[in-house]
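Tertiary structure, described
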Amino acid sequence: MLNEKFINPVGKSIPRIDGRGLVTGETKYTSDMSFPNMLFAKMLRSPHPHARIISIDTSKAEKLPGVKAVITAKDTLNIKFGSNEFFFPHTVDQLPLEGEKVRYIGDEVGAVAAVNEETAEAALKLIDVKYEILPSVFKASEAMKPDAPQIHGHVRNNIALILPVNFGNPDRALKESDYVREDVFECQSAVHACMETHVCIGQWETASNKITLWVSHQAPFKIREAMAKCLKMDLNDIRVIKMPTGGGFGGKLEMLPMDFSACLLSKKAGGMPVKICYTREEEFLASRRKHSMQYKLKSGVKKDGTLMAITGEVIADGGAYCSYGPTVLAAAIMRIFMVYDLKNIRMTGYRVYTNTPICGAIRGFGGVQSGFAVESHMDLLAKGIGMDPIEFRLKNITRPNMVTINKMQISSNGLKECIHSAATASDWGKKRGKQKGICRGIGIGIAADVMGSKMYKSHESAGAIIKIEEDCSVYLFTGAADTGQGSNTALSQIAAQELGINFMRINCKAADTEITPFDTGSFASRVTFISGNAALLAARDAKSQILEVVSKEYKTTADDLDISAENIVRKADSSAVLSFEKAIELCYSFNYGKQIIGRGSFNPKTTPVDFRTGEGHVSSTYSYEAQIAEVEVDKNTGRVKIIKIWDAHDVGRAINPSSVESQIEGALTMGLGYTFFEDLFLKDGKITNCNFSGYRVPRSTDIPETETILIETNDPQGPFGAKGMGEAALLPTAAAIANAIEDAVGIRLKELPFTPDKVLKALKNKDIS
């Protein structure tokens, strides 16, 4: 018997499909999997930040009992891979295994597969690699100098990318401004800190010459594409099965050398499956990390608060290879167009190579760094003209149904409502500037985010298939990757709502490149909006097929019918014609024999960004939020206590309110970690705090009271009005807290993270001045 509370599921906090398995421990992750004769592999890594490889001798390792395969660059086709090939082909710069030169400590030069991990580790020590040590450079500012060591031969001054953005006449606008100020902000590097490290199992079936890769990942179709390129294979010869994923946050968006190596080792070992699981130290060292950035801004305003012009420069330290760096830099610069109605702007971004671990995608995708810089800067501009920060923002923000100067087409926009809602909930007017006596303050930051972007391929499409069986069970096939955000549940809710059936009928099969339709992946807050629309269209197609059969049987037209609450109904009076179950029985009856298979494909109406200018409509719609933090500063210890955070978020429509709130709270927690704790320490190119004893993340005791306010603007293009919202909540967190600290004790922090010693130093300098 189906529970009626699961009828019309959109807008309800439906329990997650995978929830029971997760909390009981029944869910099997890649690391839990085992196959007969499975081998275990380890990667051979460079101990040097920059060196030329003279020779590699693997003979001793190959003779070690228990070793089944050893690979180096000579076993590969030496084809490079990267993540921004469509727009920036020159940034495709990494080999699956390096054979001539290594560029950071941890660079992969080989791999060993053996009967157990201990044997594989022992074999690595037997591989003799002779290096010629080369000069290294570890800071972007040094790497950009003409006499710096050149890390890659195809670029000058180690600058992988220069990104110019120029609109209007900012120089003239600055001259016409009543108040002009300059600020420099420093943003540190950080890691994803997923509970589950990178892990995969690769098997190269020698009989069929086909590959299967079981992997913890966010974009199975992308990893398949990179693998096929590097192995010169057809896409249909590679099957990628996304396993349950214990966190991704952007760190599991690419093929890594470990994925490639597991499959190639399997081939060399005669088709035995090969598992590679990173240690926590390897996760820090050799996966991906956040770009550290220096963000310079110079802006001008009128006395009435009109934002006249913004100019500046962003320098992003990208590490040894490009990864997603070019588009991270683009996002760090161009997010401002979604938030503020600008007429004059000139920004230049530099993505710089250094001999340090690779920087790539991480939740926020450049927006955390820019959010801290821009929103701190906006508060300082408001202060300079004696204007309330909220009043200043309300005067300059974007609005619904407008086109920005760089051709972003904004439809629904709840930013104004978000600001008002957060201000009201936090009692902004009663607290701002009125709690200095008790060292308390309140601050705001605002942000916007995309719903996907055409930055990876020429299209941004997602597909879905709905198959309805004779017993009325419904299968949703989607290529979208649920990495913990609950997308399988949300997509199933969308499908059930459109079909007019009980949510419990839906069985979701996701992210298997051999059986599910293509999907770009889980990133850029795209799944609910783009994959959700594909699921809706597939359900609509299936529904139309059912209604066509019923209309023939009952001598009416399909347009006169609908499906609602498990019944076929007449639109005119909502009277029931027959039940859903009887309708499916009719479809499969002798007279019709109609199999119900609905198909949906959705490609958002966007335009590629012209990276020579920054012009382009990158997303079909945008989500917005306002975040307010109240803090208390201890002047004796330098510690900052968060009293409460209010987050008002334009979500379009909340498909599953509980999941939406959880996503916002999770993002806030990451934002707090980045603001106060997380920082990678590097010495001569080596990470010195590559575990959780030295790398601090928020604990449960660090999480303050939060209040989430959902603003529903019902986006005209979203599935049932929904938008994505997985990333935006951590974009303004650091700035809101920085602005609150200044309100509390009058100091301005411009360098992350906000450690007690930095607070004390700022307080001391304030007292001296």
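Calculation notes
Residues numbered from 1 in each chain as written. Predicted model: local features only at pLDDT ≥ 70, side-chain atom pairs only at ≥ 80, totals over all residues. Heavy atoms only, no water. Pairing = 2+ DSSP bridges. Helix = DSSP H or I, 4+ residues; strand = E, 2+ residues; numbered from the N terminus. Axes fitted to C-alpha atoms, helices over the stretch in contact; angles between N-to-C directions. Disulfide = S-S within 2.5 Å. Buried < 20%, exposed > 50% of the residue type's maximum accessible area, 1.4 Å probe, protein only. Left-handed = near helix turned anticlockwise from the far one by under 90°. Contact = heavy atoms within 4.5 Å. Nonpolar A, V, L, I, M, F, W, Y, C, P; charged D, E, K, R; others polar. Core = buried A, V, L, I, M, F, W, Y, C linked by side-chain atoms within 4.5 Å.

Taken together, five strands build an open sheet; the order of strands is β7-β15-β14-β13-β8 and the sheet is mixed. Lying at the two open borders of the sheet, with one neighbouring strand each, are β7 (159–167) and β8 (179–187). Going across the sheet, the axis of each strand differs from the next one's by a mean of 10°, ignoring polarity.

Before going further, it helps to examine the state of the cysteines. Here the structure, examined in full by the defined rule, presents zero disulfides. No disulfide involves Cys322; its sulfur sits 11 Å from that of Cys359, the nearest cysteine.

This brings us to the environment of Ser662. Checked against the element boundaries, Ser662 lands in helix α18 (residues 657–676). Given a relative accessible area of 44%, Ser662 falls into the partly exposed group. Residues Ser662 and Gly726, 64 residues apart in the sequence, show an inter-C-alpha distance of 9.5 Å.

Turning to the sheet that holds strand β4 (residues 101–102), a few remarks are in order. Strand order in the open sheet made by the three strands is β4-β2-β6, with antiparallel pairing throughout. With partners counted over all chains shown, the strands left at the sheet margins are β4 and β6 (128–133), one partner each.

Running from N to C, helix α15 (residues 487–499) and helix α16 (residues 527–553) point in directions that differ by 35°, and their axes come no closer than 8 Å. The handedness of the crossing between α15 and α16 comes out as right-handed. Residues Ser487, Leu491, Ile494, Ala495, Glu498 and Leu499 of α15 touch α16, and the partners they reach there are Val527, Thr528, Ser531, Gly532, Ala535, Leu536, Ala539, Arg540, Ala542 and Lys543. When the residues that make up the contact of α15 with α16 are grouped by side-chain class, the tally is nine nonpolar, four polar and three charged.

With that settled, the discussion passes to the nonpolar core. Counting residues in hydrophobic clusters, the biggest one holds 120 residues, and the most contacted among them are Tyr340 and Ile741. The contact partners of Ile741, leaving out residues within four places of it in the chain, are Val631, Val633, Val640, Gly746, Ile747, Leu749 and Phe754.

That is the geometry; function is a separate question.
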